[in-house]
Every structure is written in C-alpha cells, then in structure tokens.
Amino acid sequence: MAGLALAAGAVAGPVASAYADSPTDTAVRVPAAADKAAKMVTAQDVINLAMRQVGISENSYGGGTKFQQWYMNTQRAKETLARDGGGTPAIYLNAPWCAMFVSWLGDQLGIRPILGWDAYTVTYAKWFQNNGHWGDVAKPGAVVFYAWNGSKDVDSVDHVGIVVQDNGDGTIKTVEGNTGRGQVEVRIRPKSQVVGYGYPQYTA
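Residues numbered from 1 in each chain as written. Predicted model: local features only at pLDDT ≥ 70, side-chain atom pairs only at ≥ 80, totals over all residues. Heavy atoms only, no water.

**A word on helix α4 (residues 75-83)**
Residue pairs spaced three or four apart in an α-helix point in one direction, given the helix's 3.6 residues per turn.
Inference 1: Considered for burial, the residues of α4 that qualify are Arg76, Ala77, Thr80 and Leu81. Buried residues of α4 fall within an arc of 135° about the axis and therefore sit on the same side. Opposite the buried face of α4, at more than 90 degrees from it, the exposed residues are Lys78 and Ala82.
Inference 2: Backbone geometry just after α4 places Gly85 at a positive phi near 110°. (Buried < 20%, exposed > 50% of the residue type's maximum accessible area, 1.4 Å probe, protein only. Helix = DSSP H or I, 4+ residues; strand = E, 2+ residues; numbered from the N terminus. Arc of directions from axis to C-beta.)

**Remarks on the sheet that holds strand β6 (residues 194-198)**
Inference 1: The strand order β1-β6-β2-β3-β4-β5 describes an open sheet built from six strands, whose pairing is antiparallel. Each of the sheet's edge strands pairs with one partner strand only, and the pair in question is β1 (134-135) and β5 (183-190).
Inference 2: In this fold helix α5 (residues 98-108) packs onto β2 (143-146), β3 (159-166), β4 (171-179) and β5, with an angle of close to 55° to the strand it touches most, β3. (Pairing = 2+ DSSP bridges. Contact = heavy atoms within 4.5 Å. Axes fitted to C-alpha atoms, helices over the stretch in contact; angles between N-to-C directions.)

**Structural notes on the pairing of β2**
Inference 1: Residues Val143 and Phe145 of β2 are buried on one face, and the alternating residues Val144 and Tyr146, pointing to the opposite face, are buried as well.
Inference 2: Note: β2 against β3, four bridges, orientation antiparallel. Note that in β3 the partner of Val143 across the bridge is Ile162.
Inference 3: Alignment of β2 against β6, held across four bridges, turns out to be antiparallel. Opposite Tyr146, over in β6, you have Val194 as the bridge partner.

**Here's the deal with the pairing of β3**
Inference 1: Across the eight residues of β3, six count as buried, placing the element largely inside the fold.
Inference 2: In terms of strand pairing, β3 meets β4 through four bridges, oriented antiparallel. Residue pairing in the sheet places Val163 in a bridge with Thr174 of β4.
Inference 3: The loop that links β3 with its antiparallel partner β4 comprises four residues; one of these, Gly168, has a positive phi angle of about 75°.

**Things to note about the packing of helix α2 (residues 43-51) against α5**
Inference 1: For the pair α2 and α5, the least separation of the axes is 10 Å and the interaxial angle reads 120°. Regarding the angle of α2 to α5, the classification is oblique. In this structure, the crossing between α2 and α5 has a hand that is right-handed. Only Phe101, Trp104, Leu105 and Gln108 of α5 make contact with α2, whose side of the interface consists of Val46, Leu49 and Ala50.
Inference 2: The residue makeup of the contact of α2 with α5, split by class, is six nonpolar, one polar and no charged. (Parallel < 35°, antiparallel > 145°, perpendicular 65-115°, else oblique. Left-handed = near helix turned anticlockwise from the far one by under 90°. Nonpolar A, V, L, I, M, F, W, Y, C, P; charged D, E, K, R; others polar.)

**Section: α2**
Inference 1: Along α2, the residues classified as buried are Ala43, Val46, Ile47, Leu49 and Ala50. Angular distribution of buried residues about the axis of α2 spans 165°; they occupy a single face of the element.
Inference 2: Summarising the contacts, the buried residues of α2 are in contact with α5, β3, β4 and β5.

Structure, rendered in structure tokens:
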C-alpha cells in the first residue's frame, strides 16, 4: 500500500512547486494566470474531487489506474527517472500509487504548485516540511503522511492521503489511493500512525 520508491531507486527529489527557491529546484514556474486560478481552489474542492474517485481499483498486477497512467506521461516522471538512474516511464504503471493519486488531484484542479507532485511519499513529505508547510494538526484538505510503525521521522513515511476531517476521538477520516484492496477508499485512521501533515495554501 505504501507509496514507496520503485525497486532500489528512490523516487525522490524536489517537487515542482511555487514554494521552493532552492537552486537545485528544477520546478517550472507557473504563469501568473495559472497561479491566480490555483488560488481559487479550496480544500473542499480537493476533498470533493478525491471522493469522486472512491471505488477506482487497480488490476491484479497493482496497476492500470488512471493515476498511474497519468503520472507515467508527465514531465515529472521523466525527471524522476533521470534523477534515479534511468529506465522507462512504463515502470510507474504497476508502482505503488498513493502519492500519484494525491499528485493527480493537484494536477486536475490546477494547483500542482501548491499540492506538489511525486511518486515517493518520503520526498513528498519533505517537500512540505522544507517549505514550511508542515505540522501536526489534522485540517480538512491537508495531505496526511503515515508511518505504520508509529514513527514521527519523515524518512519512515509509508503512505499518503487527504484529510477529510478530524473525528475528535484520536482518529481522522481520510480519502486515499492504493489502500485496502488496491482502491481509492475512505478510511478512518488513528492519529498514532500519522507522521505529519502537509498544508497546501488554499484560500479557504
């Protein structure tokens, strides 16, 4: 279920963003018009789109979803392959896809610069952390990162999803890809498994 690295090569590195200003950040800056449009998207918009994907399932090989097919055809896939030692984008077709699911949401809503994109959960978490959009409060629309062993170390991140709500009883309601039986599902998770939350800068 984890959105981990492909084989031995970690799919890591800078996520295309409107945040990072590091000289190693290869992100292509979005035009002002696109940036303005992105600022009109709310947390609820992301949750609604994610919820409409519930029930989408992978095939018996762990692939076949539109999220994997989309990622395979992105410039980001080419960048991560080049960074991690090569291969062909087809490797993503049967790779763990929880991070691809969240990345797809941002692309569909035109907010990739604030929601980020990657296929590796650890790198995804570090992108939020390094850009100062990281914390321990479950907010609707936040990107939640889990470690099944209960670790709070970002390098231990196993899985990622979108927060729907804090249930107020030590659990959160989320919507996640590549979970359960390889589907997009609504889940109730204990906060004890949460490493932290990434906070896209929504307008509301």
